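So the chains spell out like this:
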Amino acid sequence: MRIILSESTSEAVQTVAEAMLEKIESISASVLGLATGNTMIPVYEAWVQMALNRSVDHSYAFFFMLDEYLGINADHPSGFQEYVAKHLFNPLGIRKDQFTLPPVHDEGSYERTIKESGGIDLQLLGIGTNGHIGFNEPGSTGNSRTRRVILSEETIAANSKNFQGKMPTEAITMGIQTILESKSIILLATGKSKADAVKYLMNHHDDPACPATFLKSHPHFTLVIDPDAASKVNLKI
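1. Describing the overall build of the protein chain
Within the protein chain one finds seven helices and 10 strands. Against the 2.2 N^0.38 benchmark of 18 Å for 237 residues, the protein chain shows a C-alpha radius of gyration of 17 Å, consistent with a compact globule. Expressed along its principal axes, the backbone C-alpha trace of the protein chain runs to roughly 45 × 40 × 35 Å. Relative to its full complement of 237 residues, the protein chain shows a buried share of 53%.

Okay, here's the thing in C-alpha cells:
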C-alpha cells in the first residue's frame, strides 16, 4: 500500500484528479472505474478543469460505474448516472456509449463486460464512515462480486440528505473481488468524518468489519488522505 499524506484537502483532490487524467493521457483507450459521493465532486471539478486546460481527448476512454441505487429512475437527480453526467461527462463531452452501470437484473453480465474490456486500468474509490467501499457494507467478504445489497443504517443516514423523497434502501455494487481485479486502485479520504475509518484501515487486514481493509492486499493500491482524515493515525517514520 502506498500512502500519500497531502498538506491540504485541495492538494489531496488535485493528486487524485491528476492520477485519473494522467492515465488517459498515457493510454487514450483507458478503462476507468468511477466512484461518486460528495468526496468526489471536487475531484471531478479539478479533472474537468485540467482536461480542458490541457485539451485531453477522452473520446477513446471507457468508464465503469462502481454502484447505483435501486428503485429509482435512470434520470433521478440523486442517481449516480445523473451525478456523473453533471460533474464529469457533460463538461467533457463524454458519450453515453462510453460508460456503463451495473445492471439490475443480470449482475454477472457486468463482470463479463469488465473482463471483455481488458479489465479496469484504474479504479477510483472513496470510503464510507463505516469503512464501506462502493456499497460493500460491513460484513462483505473479500470474494464478493457485483450484486444487489441492502444499505446499512449509517449509509442511509449519510446519503438521505441527497433525496427529496424516500431514500433507497438497496443498491447494486461491484464486489470487493471485482474491485481487487482492477490493475490499480486509488482511494481518497478527506475530512474528520473519515478519520476513524482511515485508522481502522491502517491497523487491520482483510477484515469484513471494514471492507476497505481488503484493498491492502492489492499490489498497486494508493491511499490519498488529507490532514483531517489522517488525524487519528501516526504516519511519521
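2. Notes on the pattern of salt bridges
This model, assessed by the stated rule, comprises seven salt bridges. Residue Lys232 is joined to Asp196 by a salt bridge in which the shortest nitrogen-to-oxygen separation is 2.7 Å. Of this pair, Lys232 sits in the segment after β10 (221-225) while Asp196 sits in helix α7 (residues 195-203); the two residues are 36 residues apart in sequence, bridging distant segments of the chain. Accessibility expressed as a relative area gives 43% for Lys232, which makes it partly exposed. By relative accessible area, Asp196 is classed as partly exposed at 48%. What you see here is one network of salt bridges that share partners, running through Glu18, Glu25 and Arg54.

3. Here's the deal with the sheet that holds strand β6 (residues 122-125)
Pairing within the open sheet is parallel, and its seven strands lie in the order β1-β10-β9-β6-β2-β3-β5. Looking at the sheet topology across the chains shown, the edges are occupied by β1 (2-5) and β5 (99-100).

4. Describing the packing of aromatic side chains
On inspection of all chains with the given rule, the structure shows 12 aromatic pairs. With 5.4 Å between their ring centres and 45° between their planes, Tyr69 and Phe135 make a pair best called tilted. Of the two residues, Tyr69 is situated in strand β4 (residues 67-69) and Phe135 in the loop between β6 and β7 (147-150); the sequence distance between them amounts to 66 residues. Taken as a pair, Tyr69 and Phe135 share a single burial class, namely buried.

5. Quick notes on the layout of surface pockets
Each pocket or cavity is described by its volume, and for the largest pocket that value is around 800 Å³. Lining the largest pocket are 35 residues, and of these Thr36, Gly37, Asn38, Thr39 and Asn159 sit closest to its centre. Secondary structure elements with two or more residues in the lining of the largest pocket: β4, α3 (80-92) and α5 (153-159). Considering every element that reaches the lining of the largest pocket, the biggest residue donor is α3, with five residues. Residue composition of the lining of the largest pocket, grouped by class: 11 nonpolar, 18 polar and six charged. Roughly 200 Å³ of internal volume is contained in the second largest pocket. Considering the residues around the second largest pocket, the lining is formed by 13 residues, among which Arg2, Ala19, Leu122, Ile186 and Thr222 are closest to the centre. Looking at the lining of the second largest pocket, the elements with two or more residues in it are β1, α1 (9-26), β9 (185-189) and β10. Each residue belonging to the lining of the second largest pocket can be placed in one class, and the counts come to seven nonpolar, four polar and two charged.

6. A closer look at the sheet that holds β4
What the three strands build is an open sheet, ordered β4-β8-β7; its pairing is antiparallel. Both edges of this open sheet fall to β4 and β7, since each of them pairs with a single strand only. Averaged over all adjacent pairs, the angle separating strand axes in this sheet is 25°, with direction ignored. Of the strand pairs in this sheet, β7 and strand β8 (residues 170-173) are connected by four bridges, and their pairing is antiparallel. Pairing of Arg147 across the sheet is with Thr173, part of β8.

7. Things to note about the side chain of Ser144
If you trace the backbone, Ser144 turns up in the loop between β6 and β7. Side-chain polar atoms of Ser144 contact the backbone oxygen of Thr141, separated by 2.8 Å. Looking at Ser144, its side chain comes within polar contact range of the main-chain nitrogen of Ile176, at 3.0 Å.

8. Quick look at the packing of helix α2 (residues 41-54) against α3
At a closest axis distance of 9 Å, the pairing of α2 and α3 adopts a crossing angle of 5°. Relative to α3, the element α2 is oriented roughly parallel. Within the contact between the two elements, α2 uses Ile41, Tyr44, Trp47, Val48, Ala51 and Leu52 and α3 uses Tyr83, His87, Leu88, Pro91 and Leu92. Per-class residue counts for the contact of α2 with α3 are 10 nonpolar, one polar and no charged.

Basis of the calculations
- What you see as residue numbers is a count from 1 along each chain, following the sequence as written.
- Selection of residues for local features in this predicted model requires a pLDDT of at least 70, selection of side-chain atom pairs for listing and counting requires 80 or more, and totals for whole chains, interfaces and linings are taken over all residues.
- Heavy atoms throughout the structure, all of them, feed into the side-chain values; hydrogens and water do not.
- Where helices and strands are cited, they refer to DSSP runs of H or I of at least four residues and of E of at least two residues respectively, numbered from the N terminus.
- Two things to know: the radius of gyration comes from C-alpha atoms, and the globule rule equals 2.2 Å times the number of residues to the power 0.38.
- Note on classification: 1.4 Å probe, protein chains only; a residue is buried when its accessible area is under 20% of the maximum for its type, exposed when over 50%, partly exposed between these limits.
- Think of a salt bridge as a Lys or Arg side-chain nitrogen and an Asp or Glu carboxyl oxygen that are within 4 Å of each other.
- By definition, two strands form a pair when at least two bridges between them are found by DSSP.
- Centre distance within 6.5 Å is the pairing criterion for rings of Phe, Tyr and Trp, where only the six-membered ring of Trp is used; planes under 30 degrees apart are then read as stacked, over 60 as edge-to-face, and the remainder as tilted.
- Cavity means a closed set of points on a 1 Å grid over the protein atoms alone, one where a 1.4 Å probe fits but cannot get out, pocket means an open set with protein on both sides within 12 Å along at least 5 of 7 lines, and lining means a residue has an atom within 4 Å of a point.
- Grid points are joined across faces, edges and corners, and a volume is the space filled by probe spheres set on the points.
- Under the scheme applied, nonpolar residues are Ala, Val, Leu, Ile, Met, Phe, Trp, Tyr, Cys and Pro; charged residues are Asp, Glu, Lys and Arg; polar residues are all the others, including Gly.
- Note on geometry: axes are C-alpha line fits, over the in-contact stretch for helices, and angles between N-to-C directions span 0 to 180 degrees.
- Here a polar contact means two N or O atoms within 3.5 Å. Within protein one must be a hydrogen donor candidate and the other an acceptor candidate, and residues neighboring in sequence count only if both atoms are side-chain atoms.
- With respect to orientation, any angle under 35 degrees is reported as roughly parallel, any angle over 145 as roughly antiparallel, any angle of 65 to 115 as roughly perpendicular, and every other angle as oblique.
- We call two residues in contact whenever any of their non-hydrogen atoms come within 4.5 Å of each other.

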